[in-house]
Amino acid sequence: WRRTHSAPAAAAPRPVAMGARLQYRRRHAYATKSNKTRVVRTPGGVLRKQYTTKRANAPTCRESGRTLKGIKAVRPTKMSRKLMSRRQKTVNRAYGGCLAHDVVKSRIVRAFLVEEQKIVKKVLKMQAAK
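Let us look at the structure shown here. A quick note: this is a predicted structure, and the numbers were derived from the prediction, not measured.

## Re the nonpolar core
Most often, soluble globular proteins have nonpolar side chains that are buried together.
Moving on, step 1. Counting 7 residues, the largest nonpolar core is built from Cys61, Leu68, Ile71, Leu99, Ala100, Val103 and Val104.
Moving on, step 2. Residue contacts for cysteine 61: discarding those within four places in its chain leaves Arg66, Leu68, Cys98, Leu99, Ala100 and Val103.

## A word on the packing of aromatic side chains
Moving on, step 1. Taken as a whole and assessed by the stated rule, the structure comprises 0 aromatic pairs.
Moving on, step 2. Note that arginine 26 overlies the ring of tyrosine 51, its terminal NZ or CZ placed 3.9 Å from the centroid.
Moving on, step 3. Lying across the ring of tyrosine 24, lysine 49 places its NZ or CZ 4.5 Å from the centre.

## Focus on the environment of threonine 90
Moving on, step 1. Among the secondary structure elements, threonine 90 is positioned in the loop between α1 (86–89) and α2 (101–129).
Moving on, step 2. Taking the C-alpha atoms as reference, threonine 90 lies 6.5 Å from isoleucine 71; in sequence the two are 19 residues apart.
Moving on, step 3. Residues in contact with threonine 90, not counting those within four places in the same chain, are Ile71, Gly96 and Gly97.
Moving on, step 4. There is a polar contact of 3.1 Å between the side chain of threonine 90 and the backbone oxygen of arginine 86.

## Digging into a positive patch on the surface
Moving on, step 1. A surface patch of like charges, here positive, comprises Lys33, Lys36, Lys54 and Arg75.
Moving on, step 2. Structurally, lysine 36 can be placed in the segment before β1 (37–41).
Moving on, step 3. Relative accessible area serves as the criterion here: at 47%, lysine 36 is assigned to the partly exposed category.

## Overview of the pairing of β1
Moving on, step 1. As defined by bridge partners, β1 adjoins strand β2 (residues 47–51) across 5 bridges and the pair is classed as antiparallel. Bridge assignment links valine 40 to a residue of β2, and that residue is arginine 48.
Moving on, step 2. Here β1 folds back onto β2, and the loop between the two strands holds 5 residues, one of which, glycine 45, carries a positive phi near 90°.

## Some points on the side chain of lysine 49
Moving on, step 1. In this structure, lysine 49 sits in strand β2.
Moving on, step 2. Look at lysine 49: it is buried, it has no salt bridge, and the nearest opposite charge is aspartate 102 at 43 Å.
Moving on, step 3. A distance of 3.3 Å separates polar atoms of two side chains, one belonging to lysine 49 and the other to threonine 37.
Moving on, step 4. In this view, lysine 49 contacts Leu22, Gln23, Tyr24, Arg25, Thr37 and Arg38; residues no more than four positions away in its chain are not counted.

## Description of the side chain of asparagine 35
Moving on, step 1. Here asparagine 35 shows up in the segment before β1.
Moving on, step 2. Discounting chain neighbours no more than four positions away, the residues touching asparagine 35 are Tyr24, His28, Ala29, Tyr30 and Tyr51.

## Things to note about the state of the cysteines
Moving on, step 1. A full pass over the atoms with the stated rule returns 0 disulfides.
Moving on, step 2. The structure places no disulfide on cysteine 61, whose sulfur is separated from the nearest cysteine sulfur, that of cysteine 98, by 9.1 Å.
Moving on, step 3. In this structure cysteine 61 comes out as buried when scored by relative accessible area, which is 4%.
Moving on, step 4. For cysteine 98, a relative accessible area of 35% puts it in the partly exposed group.

Criteria and cut-off values
Residues numbered from 1 in each chain as written. Predicted model: local features only at pLDDT ≥ 70, side-chain atom pairs only at ≥ 80, totals over all residues. Heavy atoms only, no water. Core = buried A, V, L, I, M, F, W, Y, C linked by side-chain atoms within 4.5 Å. Buried < 20%, exposed > 50% of the residue type's maximum accessible area, 1.4 Å probe, protein only. Contact = heavy atoms within 4.5 Å. Phe/Tyr/Trp six-rings, centres within 6.5 Å; stacked < 30°, edge-to-face > 60°. Lys NZ or Arg CZ within 6 Å of the ring centre and 35° of its normal. Helix = DSSP H or I, 4+ residues; strand = E, 2+ residues; numbered from the N terminus. Polar contact = N/O pair within 3.5 Å; in protein donor to acceptor, adjacent residues only side chain to side chain. Patch = residues over 30% accessible without salt bridge, like charges linked within 9 Å, V, L, I, M, F, W, Y side chains within 5 Å. Areas by Shrake-Rupley, 256 points an atom, 1.4 Å probe, with all protein chains shown as cover. Salt bridge = Lys/Arg side-chain N within 4 Å of Asp/Glu carboxyl O. Lys, Arg positive; Asp, Glu negative; His and termini not counted. Charge placed at Lys NZ, Arg CZ, Asp CG, Glu CD. Pairing = 2+ DSSP bridges. Disulfide = S-S within 2.5 Å.

Shown next, in the form of structure tokens:
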């Protein structure tokens, strides 16, 4: 193919910048989800592998599935009593830190309406008895 066709002059090969090939610094030698790294240049000019932590998922509402406001997205180990206070893990409300505000509101309204319905049924029963 090369003998019959000449390569276009514009497609000259450019030198490709290769990333430095570095060894892992810990004993875990496989590129798994828990062994993510990135290459960083140190102040001394040396390229070094830096281990990155996993991204944290924000806590979500059990019913609606939306992320809860006011609570930080941290890994489970950081949620311990030593590292995070109770104030940072919850919201000061009924079901705070478990359910979204609108879900709690709808539960309260539903409970109120159920009680109202019971009272109406009771009144109608008393009027029917008279």
